[in-house]
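# Results of the structural survey
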Amino acid sequence: MKKYNVAVVGASGAVGEELFRILEEQNFPVGNLLPLASARSAGEMIVFKNQEYKIEELTETVFENRGIDIAFFSAGGSISEKYAKYAVESGAVVIDNTSHFRMIDSVPLVVPEVNPKDIELWEDSGIIANPNCSTIQMVHALKPLHDLYGIKRVDVSTYQATSGAGKKGMEELVQQMQDFFAFKLDETEVKAFPHRIALNVIPQIDKPLENGYTKEEMKMVNETAKIMHTDFAVSATCVRVPVLRSHSESITITFGSDVVVDVQKAREVLANFENVKVIDDLENSQYPMPTTATDTDFTYVGRVRRDNFAPNILHLWVVADQVRVGAATNAVRIAQKWIKLEN
């Protein structure tokens, strides 16, 4: 099998670390590996397939003459904005996990199970964008149901884990819980989130916008339309919860007024969709939870039920590990599809 030289920008971060794990688990055909990060992390070592690699500093010239085929970027939008072009100029395809390129027309925004053909558009910019983590798991559930009935509107409330804010978010939750048990919660430090996250729920993720929504919420609205090539209405409320890992979503889907939802049929098309698993046995307390999804590569769906008052409305609950499914795993799946396309 042909091997590909791979660079990982943000090698010391949570998503970067997960990328290395998934590349190894998937036996991805890695030739040379180039881990990159800021000057602060340069010199640190990472282990990939029992071999140590030294993290190099990300610079404007680091991609030159390195023969990189695929460059994963997971170090923040400003880093991608500045440095992705240098990877492209060196001949690499950039798979970017930040929000910077997602809504640029010339850059495909891809969830491989949903819109794999969009990968073919990569040559316009040399970049393929990875969507927002909450969007990815939602469209995994929406796509088969849209194909079945035709969606008219989606209303979603998210319950997002602290790891969505990176290592600092998880560390802050752990520290605050330690402070709680030490009776020092009133003195605890609040930095990663607008308020204390331990024993709390914060109905704000990202910056507020003029329309009353947050930037995170509008990402879900706009990205869903681009990925699914649809114009159905989406409204989102994004909430941070004191969970370390894996996002949950409560989704209400409205179909055409002439649709009478068959719940069993809905479960079947979801269960048959790539990388989706249905766990839905309320009587025996079986449904997806963050503990179900963490460290897995599936999107889990449960609590599937028809609305009591409108037969064209379906409610469901969706959970996925947003560090993997919502970031690193989706990026690797994009790379795998890209390789097939190139061959």
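See above for the structure.
The notes below deal with the structure included here. (Residues numbered from 1 in each chain as written. Predicted model: local features only at pLDDT ≥ 70, side-chain atom pairs only at ≥ 80, totals over all residues. Heavy atoms only, no water.)

### Quick notes on the overall build of the chain
Condition: Here a helix means four or more residues in a row that DSSP labels H or I, a strand means two or more in a row labelled E, and each is numbered from the N terminus. Here the radius of gyration uses the C-alpha set of atoms, whereas the globule reference equals 2.2 Å times the residue count to the power 0.38. Only protein chains enter the accessibility calculation, which uses a 1.4 Å probe. A residue is then buried if its area is under 20% of the maximum for its type, exposed if over 50%, and partly exposed in between. The convention is simple: Lys and Arg are positive, Asp and Glu are negative, and His and the chain ends are not counted. Charged side chains are reduced to one point each, which is NZ for Lys, CZ for Arg, CG for Asp and CD for Glu.
Along the chain, the regular secondary structure elements total eight helices and 14 strands. Taking 343 residues into account, the globule formula puts the C-alpha radius of gyration at 20 Å, and the chain, at 20 Å, falls close to it. With respect to the principal axes defined by its C-alpha atoms, the chain has extents near 65 × 55 × 40 Å. Buried positions account for 54% of the 343 residues belonging to the chain. Of note, the chain has its 35 positive side-chain charges centred 1 Å away from the centre of its 47 negative side-chain charges.

### What to know about the pairing of strand 2 (residues 30–37)
We count it as follows: Paired strands, in this sense, are two strands between which DSSP finds at least two bridges. The handedness rule is simple: strands pointing away from the viewer, and a clockwise path from the first strand over the helix to the second, make the crossover right-handed.
Of all eight residues in strand 2, six are buried, a share of seventy percent or more. Bridge analysis of strand 1 (residues 4–9) against strand 2 gives five bridges, and the strand direction is parallel. Pairing of valine 6 across the sheet is with leucine 33, part of strand 2. In this region the chain leaves strand 1, passes through helix 1 (residues 14–25) and returns to the parallel neighbour strand 2; the handedness of that crossover is right-handed. The sheet contact formed by strand 2 and strand 5 (residues 56–57) spans two bridges and is parallel. From the neighbouring strand, leucine 36 faces strand 5, where its bridge partner is glutamate 56.

### Details of the nonpolar core
Threshold: Here, the term nonpolar core denotes a set of buried Ala, Val, Leu, Ile, Met, Phe, Trp, Tyr and Cys residues that are joined through side-chain atoms within 4.5 Å. Throughout, a contact is declared for two residues whenever any of their heavy atoms are within 4.5 Å.
Core analysis: the biggest nonpolar cluster contains 60 residues, and Phe63 and Leu316 have the highest contact counts within it. With six residues, helix 3 (residues 133–149) is the largest single contributor of residues to this core. Residues in contact with phenylalanine 63, not counting those within four places in the same chain, are Ala7, Val9, Leu36, Leu58, Ile68, Ala71, Phe73, Tyr83, Tyr86, Ala87 and Ser90. With 33 residues, the next largest nonpolar core counts Tyr4, Tyr53, Ile55 and Ile70 among its residues.

### Side note on the environment of methionine 228
Position of methionine 228 among the secondary structure elements: in helix 5 (residues 215–228). Exposure remark for methionine 228: the relative accessible area of 10% places this residue in the buried category. Taking C-alpha positions, methionine 228 is 33 Å from isoleucine 197, a pair spaced 31 residues apart along the chain. Ignoring anything within four residues of it in the chain, the contact list for methionine 228 reads Val114, Val139, Leu142, Lys143 and His146.

### Considerations on the sheet that holds strand 6 (residues 70–73)
Condition: Helix axes use the C-alpha atoms of the stretch in contact, all axes being lines fitted to C-alpha atoms, and the angles between their N-to-C directions lie in the range 0 to 180 degrees.
With respect to topology, six strands assemble into an open sheet ordered 5-2-1-6-7-8, the strand pairing being parallel. Of all the strands in the sheet, just strand 5 and strand 8 (127–129) have a single pairing partner and so form its edges. Packing of helix 1 onto the sheet brings it into contact with strand 1, strand 2 and strand 6, and relative to strand 1 it is tilted by some 155°. Taken strand by strand, helix 2 (residues 77–89) contacts strand 1, strand 6, strand 7 (93–96) and strand 8, and its axis lies near 175° from that of strand 6.

### With respect to the pattern of salt bridges
Applicable threshold: In what follows, salt bridge is the name for a side-chain nitrogen of Lys or Arg lying within 4 Å of a carboxyl oxygen of Asp or Glu.
A full pass over the atoms with the stated rule returns 19 salt bridges. As a salt-bridge pair, lysine 167 and glutamate 17 come within 2.8 Å of each other at their nearest N and O atoms. You can see lysine 167 sitting in helix 4 (residues 167–181) and its partner glutamate 17 sitting in helix 1, a full 150 residues away along the chain. Three or more residues joined by partner-sharing salt bridges are found here, namely Glu18, Arg21, Glu25, Arg245, Asp295, Asp297, Asp321 and Arg324.

### Looking at the sheet that holds strand 14 (residues 313–320)
Within the open sheet, the six strands sit side by side as 10-9-11-14-13-12. Their pairing is mixed. Single-partner strands in this sheet number two, and they are strand 10 (233–240) and strand 12 (276–278). Across this sheet, the average inter-strand angle for adjacent strands is 20°, counted without regard to direction. Here eight bridges tie strand 9 (residues 151–160) to strand 11 (residues 247–255), and the two strands are oriented antiparallel to one another.

### Things to note about the pairing of strand 6
Burial along strand 6 is two-sided: the residues Ile70 and Phe72 and Ala71 and Phe73 are all buried. Both strand 1 and strand 6 contribute to a ladder of four bridges, which runs parallel. Bridging from a neighbouring strand, alanine 7 pairs with alanine 71 of strand 6. Bridge count for strand 6 against strand 7 is four bridges, and the pairing is parallel. Considered in strand 7, the bridge of alanine 71 is made with valine 94. Traced from strand 6 through helix 2 to strand 7, the parallel crossover comes out right-handed.

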